[in-house]
Amino acid sequence: MSLIILQDLALPSTSLTEVMLLMLRVMTVQLSLMCCCFRLTEEDFRGDRYKQHPHELRGNNDLLVITRPDVIADIHTEFLEAGADILETNTFNGTRTSQVSLLFTELRLCRICEHGLMLLDACLNAYISAQVDKAG
């Protein structure tokens, strides 16, 4: 898998906000593309929790924080190892508007966002610990 590394974006006429927005857009697209590299199946997106869900879930990458956290953790780790300054929780579409057609309730949306945050926190802690051990 490859990551797009954004360097030297801080041109004199570019505001910090513009640079951050550009980095976030690229990062969100890259995370989605990296999910595709895993060749995930419908079963991967359903996991045990959503086996009986009435709609197709393949492509709903936000669910992977619950059903395949190992995939999202691998992607987070790749971003960290590439020197990323910003990471996302992989819950970009964890909103009522994005998930309404899949009949996800507020409780399910909260679970997606909560799992995404906990997973990212765990990945950051593991990465920092590994870096401290290397330096130690």
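Here the structure is a predicted model, which is why all the values come from computation and not from measurement.

Asker: In this structure, what is going on with the environment of L120? I would like to understand it.
Answerer: Here L120 lies in helix α6 (residues 106-135). Note: C-alpha distance between L120 and P69 (51 residues apart in sequence) is 9.8 Å. Apart from the residues lying within four places of it in its own chain, the contact partners of L120 are H76, L87, E88 and T89.

Asker: Please explain the nonpolar core as it appears in this structure.
Answerer: The nonpolar side chains of soluble globular proteins are, as a tendency, buried together. If you look at the biggest cluster of nonpolar residues, it comprises 25 residues, and the most contacted ones within it are L57, I75 and F104. Listed by contribution, the elements that provide at least two residues to this core are α1 (16-37), α3 (64-67), α4 (69-81) and α6. The contacts of F104, once residues within four sequence positions are left out, are Y50, H53, L57, N60, L63, Q99 and L109.

Asker: Mind showing me how you'd approach unusual backbone geometry here?
Answerer: Trans is the prevailing form of peptide bonds, just as negative phi is the prevailing case for residues other than glycine. The residue R39 is not glycine, and still its phi comes out positive at about 50 degrees. Note that R39 resides in the loop between α1 and α2 (42-46). You can call R39 exposed: its relative accessible area is 71%. A positive phi angle, near 60 degrees, is found at N90, a position not held by glycine.

Each value, and the rule that gives it
Here the residue numbering is sequential within each chain, running from 1 through the sequence in written order. Selection of residues for local features in this predicted model requires a pLDDT of at least 70, selection of side-chain atom pairs for listing and counting requires 80 or more, and totals for whole chains, interfaces and linings are taken over all residues. Side-chain descriptors were evaluated using all non-hydrogen atoms of the structure, hydrogens and water having been removed beforehand. Secondary structure is summarised from DSSP: a helix means a run of H or I of at least four residues, a strand means a run of E of at least two, and numbering begins at the N terminus for each. The criterion used for residue contact is that any of the two residues' heavy atoms lie within 4.5 Å. Residues grouped as a nonpolar core are buried Ala, Val, Leu, Ile, Met, Phe, Trp, Tyr and Cys residues, joined through side-chain atoms within 4.5 Å. Buried, partly exposed and exposed residues are distinguished by accessible area as a fraction of the type maximum, computed with a 1.4 Å probe on protein chains only: under 20%, between the cut-offs, and over 50%, respectively.

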